[in-house]
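For reference, the chains in residue letters:
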Amino acid sequence: MSPARAVLLIFALLAGAFLLPSPSPAAGPVSLPALAPLPLPTSPPENPTTPEKVNLGKMLFFDRRLSGDGTMNCATCHDPENGFADALPISLSYPTTRNWRNSPGLVNVAYRKTLFHDGRATSLEEQALSR
Ligand code: HEC
């Protein structure tokens, strides 16, 4: 660093120290909300969450019959051991093809306001019917 540049840097640091407002002790400490579990996610009135649907969802998630030819289930690409993703740069797709994107992890997916990498779905109901 040249001497002129060093002087400018020192001047800038000193100016910043004098010109920037310092935190006022009168304002007191910043209070943050206490850490707590997330509230239960809301479900739309036309599709309320029930214990029966939760159990059915758990069963279907691991049922390969959903893929049509019996080779894949949701966990093929959304593996619970990988944060409900597949850890591949580009996911598999229907047998013998490749997707064009990777599988997002599904942890806390019920809280997301937009779904898919491009946000084209705004609810899980819409996402489930999308391609
Ligand atoms: C062959 C791989 C594959 C299978 C099988 C699969 N997914 Fe996905 N999933 C993906 C990919 C890739 C995306 C992202 C697509 C995009 O952004 O366009 C995705 C996106 C999602 C999302 C949106 C997540 C977000 O944060 O945006 C949900 C929810 C989801 N999948 C649930 C399921 C469920 C439930 C099943 C089973 C019924 C399933 N997926 C089966 C690959 C798969």
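See the structure printed just above.
Source: prediction; values computed, not measured.

Chemist: What should I look at first to understand the coordination of the iron atom of the ligand in this one?
Modeler: Six octahedral donors around a metal ideally subtend angles of 90 or 180 degrees, whereas four tetrahedral donors ideally subtend 109.5 degrees. A lone protein donor contacts the iron atom of the ligand, and this donor is H78 (NE2), found at 2.1 Å. Tracing the backbone through its elements, the reader meets H78 in the loop between helix 3 (74–77) and helix 4 (124–129).

Chemist: Would you take a moment to explain the site of the ligand for this structure?
Modeler: Around the ligand lies a shell of 21 residues, among which C74, C77, H78, R112 and F116 are the nearest. H117 is positioned with one of its backbone polar atoms (N or O) 2.8 Å from an oxygen atom of the ligand. Taking Q127, its side chain carries an N or O atom lying 3.5 Å from a nitrogen atom of the ligand. Residues belonging to the shell around the ligand are distributed by class as follows: 10 nonpolar, 8 polar and 3 charged.

Chemist: How should the packing of aromatic side chains be read in this particular structure?
Modeler: What describes a pair of aromatic rings is the distance from one ring centre to the other and the angle between the planes of the rings. Applying the stated criterion to the full structure yields 2 aromatic pairs. Pairing F61 with F62 gives two aromatic rings, centres 5.3 Å apart and planes at 70°, and the pair type is edge-to-face. By relative accessible area, which is 16% here, F61 ends up buried. Here the aromatic residues F61, F62 and F84 are joined through ring pairs into a cluster of three or more. Cation over ring: R120 sits above F116, and NZ or CZ is 3.8 Å from the ring centre.

Chemist: How should the side chain of S67 be read in this particular structure?
Modeler: With respect to the helices and strands, S67 occurs in the loop between helix 2 (51–61) and helix 3. Here the side chain of S67 touches R64 through a polar contact of 2.9 Å, landing on its backbone oxygen. In terms of polar contacts, S67 uses its side chain to reach the backbone amide nitrogen of M72, at 3.0 Å. Here S67 is in contact with M72 and Y94, once residues within four sequence places are set aside.

Chemist: Help me out: how do you make sense of the pattern of salt bridges in this one?
Modeler: Pairing is possible between side chains that carry opposite charge, provided their charged atoms lie close to one another. Taken as a whole and assessed by the stated rule, the structure comprises 3 salt bridges. For R65, the salt bridge goes to D63, with nearest N and O atoms at 2.8 Å. The class for R65 is exposed, based on a relative accessible area of 69%. Assessed through its relative accessible area of 16%, D63 is described here as buried. D118 is the salt-bridge partner of R120, the closest N and O atoms lying 3.0 Å from each other.

Conventions and cut-offs
Residues numbered from 1 in each chain as written. Predicted model: local features only at pLDDT ≥ 70, side-chain atom pairs only at ≥ 80, totals over all residues. Heavy atoms only, no water. Donors = N, O, S within 2.8 Å, 3.2 Å for Na, K, Ca; no water. Helix = DSSP H or I, 4+ residues; strand = E, 2+ residues; numbered from the N terminus. Near = heavy atom within 4 Å. Polar contact = N/O pair within 3.5 Å; in protein donor to acceptor, adjacent residues only side chain to side chain. Nonpolar A, V, L, I, M, F, W, Y, C, P; charged D, E, K, R; others polar. Phe/Tyr/Trp six-rings, centres within 6.5 Å; stacked < 30°, edge-to-face > 60°. Buried < 20%, exposed > 50% of the residue type's maximum accessible area, 1.4 Å probe, protein only. Lys NZ or Arg CZ within 6 Å of the ring centre and 35° of its normal. Contact = heavy atoms within 4.5 Å. Salt bridge = Lys/Arg side-chain N within 4 Å of Asp/Glu carboxyl O.

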